[in-house]
Amino acid sequence: MKDTFKHQGLRQQLVNTLKNKGITDVNVLKTIGNIPRHLFMDSSFLDHAYQDKAFPIAADQTISQPYTVAFQTELLQLNRDAKILEIGTGSGYQTAVLCELGVKVFSIERQLELFKKTSKFLPKLGYRPKKLIFGDGYKGMPEEAPFDGIIVTAGAPFVPTPLLSQLNIGGRLVIPVGDQVQTMTLFVRKGPKEFEKHEFGEFRFVPLLEDKN
Ligand code: SAH
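Described in the following lines is the structure provided in the data block. (Residues numbered from 1 in each chain as written. Predicted model: local features only at pLDDT ≥ 70, side-chain atom pairs only at ≥ 80, totals over all residues. Heavy atoms only, no water.)

Concerning the side chain of glutamine 182
Condition: Starting at the N terminus, helices and strands are each numbered in turn, a helix being any DSSP run of H or I of at least four residues and a strand any DSSP run of E of at least two. Only protein chains enter the area calculation, which uses a 1.4 Å probe; residues under 20% of their type maximum are buried, those over 50% are exposed, and those in between are partly exposed. Between N or O atoms, a polar contact is any pair within 3.5 Å; within protein, one atom must be a potential hydrogen donor and the other a potential acceptor, and residues adjacent in sequence are included only when both atoms are from side chains. Between two residues, a contact is recorded if the distance between any of their heavy atoms is within 4.5 Å.
By the secondary structure assignment, glutamine 182 is in strand E8 (residues 182-191). For glutamine 182, a relative accessible area of 1% gives the class buried. Here glycine 178 takes part through its backbone oxygen, which lies 3.4 Å from a polar atom of the side chain of glutamine 182. Looking at glutamine 182, its side chain comes within polar contact range of the main-chain oxygen of aspartate 179, at 2.9 Å. Residue contacts for glutamine 182: discarding those within four places in its chain leaves Gly155, Pro176, Val177, Gly201, Glu202, Phe203, Arg204 and Phe205.

Right, dumping it as structure tokens:
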């Protein structure tokens, strides 16, 4: 597993691309500049790792586009030591971004193959999420709630109620909502039953799958 000057150079170009597309959070940009995204991808895509594109990973899933990762992370408005739940661990790239930003990360993945692979892989790179589980993200992680932020990295046909109820007051849920195309949506919990909703642009994600049992 190597990170070379060439990769670092390509990452700086990617950071510039993200700035040009409107990402302003300096910590988020720095993090994307630090993390060797190529190591999270299959070797056949290595040459493309620093293009601002999503790529296939195992189990018919994708590693999110860097712009999407940056956009969603920026919306979380992280404070150091915040407690964050991620739905859809996938390759672990977004998980690594959160770890690098110094927050406590909890993450759920429903594909066993990806769960196993990523659970082994992240510590090898020095990333230590608090907890990775194999399970159904629609349910959230009630045993660890409440969270300061929840980030959903798959397209949700509707907003799962457990995720809203597992937010702290002041907590933020960042979730792409829709079937074929998703609207990036932010919910901020203002009170026990009070949520503020903000909508951003359109994105495309693999679907947040429901368990049929
Ligand atoms: N954050 C990941 C994105 C992976 S794509 C990355 O940057 O690589 C979305 C992921 O969500 C996939 O790994 C998919 O298996 C997972 N997923 C889909 N439905 C889910 C569910 N109900 N619960 C948990 N994970 C789910």
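Let's talk about the site of the ligand
Stated precisely, the cut-off is as follows: Throughout, near means a residue has at least one heavy atom within 4 Å of the molecule or strand. Every accessible area reported is derived by Shrake-Rupley at a probe size of 1.4 Å, with residue values counting cover from the shown protein chains alone. Any residue that is not Ala, Val, Leu, Ile, Met, Phe, Trp, Tyr, Cys, Pro, Asp, Glu, Lys or Arg is counted as polar, Gly included; the first ten are nonpolar and the last four charged.
Neighbouring residues of the ligand: 26 residues in total, closest Thr62, Ser91, Glu109, Gly137 and Leu209. Taking glycine 88, its main chain carries an N or O atom lying 3.0 Å from a nitrogen atom of the ligand. One of the backbone nitrogen or oxygen atoms of glycine 137 is found 2.7 Å away from a nitrogen atom of the ligand. Its free accessible area being 580 Å², the ligand has 100% of it covered by the protein chains. When contributions to the shell around the ligand are tallied by element, the ones reaching two or more residues are strand E2 (62-63), strand E3 (83-87) and strand E4 (104-109). Split by residue class, the shell around the ligand holds 10 nonpolar, 12 polar and four charged.

So, the nonpolar core
General note: in soluble globular proteins, nonpolar side chains tend to be found buried as a group. Using the following cut-off: Only buried Ala, Val, Leu, Ile, Met, Phe, Trp, Tyr and Cys residues count toward a nonpolar core, and they belong to the same one when joined by side-chain atoms within 4.5 Å.
Judged by nonpolar contacts, the single largest core of 44 residues is most densely connected at Leu18, Ile23, Ile32, Phe40 and Tyr93. Looking at this core, the elements that each hand over two or more residues are helix H1 (5-20), helix H2 (26-34), helix H3 (66-76), helix H4 (93-100), helix H5 (112-124) and E8. Once you skip the residues sitting within four places of it in the chain, leucine 18 turns out to touch Ile23, Leu29, Ile32, Asp52, Pro66, Tyr67 and Ala70. Residues Leu85, Ile87, Leu164 and Leu208 belong to the second largest nonpolar core, which totals 18 residues.

Considering the pattern of salt bridges
Test applied: Any Lys or Arg side-chain nitrogen found within 4 Å of a carboxyl oxygen on Asp or Glu counts as a salt bridge.
According to the stated counting rule, one finds eight salt bridges in the structure shown. Close ionic contact of aspartate 42 with lysine 117 constitutes a salt bridge, the shortest N to O distance being 3.7 Å. Of the two residues, aspartate 42 sits in the loop between H2 and strand E1 (55-56) while lysine 117 sits in helix H5, which places them 75 residues apart along the sequence. Taking the relative accessible area as the measure of exposure, aspartate 42 reaches 28% and is therefore partly exposed. Accessibility expressed as a relative area gives 45% for lysine 117, which makes it partly exposed. With a shortest N-O distance of 3.4 Å, aspartate 136 and lysine 139 are connected by a salt bridge. When its relative accessible area of 53% is taken as the criterion, lysine 139 is described as exposed.

Observations regarding the pairing of E8
It is a general feature of regular strands that their side chains alternate between the two faces of the sheet. Under the convention used in this document: In this scheme, strands are said to pair when DSSP sees at least two bridges between them.
Among the 10 residues of E8, eight are classified as buried, and the element is accordingly described as predominantly covered. Relative to E8, strand E7 (residues 167-177) is paired through six bridges, and the arrangement is antiparallel. When the sheet's bridge partners are listed, valine 177 is paired in E8 with threonine 183. The pairing of E8 with strand E9 (residues 194-203) spans eight bridges and is antiparallel. For leucine 186, the partnering residue across the bridge sits in E9 and is histidine 198. In sequence, E8 turns back onto E9 through a hairpin of two residues.

Considerations on the environment of valine 188
Note on placement: valine 188 falls in strand E8. Residue valine 188 is classed as buried on the basis of its relative accessible area, which comes to 8%. Put simply, valine 188 and glycine 171 are 17 residues apart on the chain and 5.8 Å apart in space, counted from C-alpha to C-alpha.

Here we look at H4
In an α-helix, one turn spans 3.6 residues, which is why side chains three or four residues apart end up on the same side. The buried fraction of H4 amounts to seven of the eight residues, a majority that puts the element mostly inside the structure. Along H4, the residues classified as buried are Tyr93, Gln94, Thr95, Ala96, Val97, Leu98 and Cys99. Just downstream of H4, glycine 102 is the residue with a positive phi angle, here 85 degrees.

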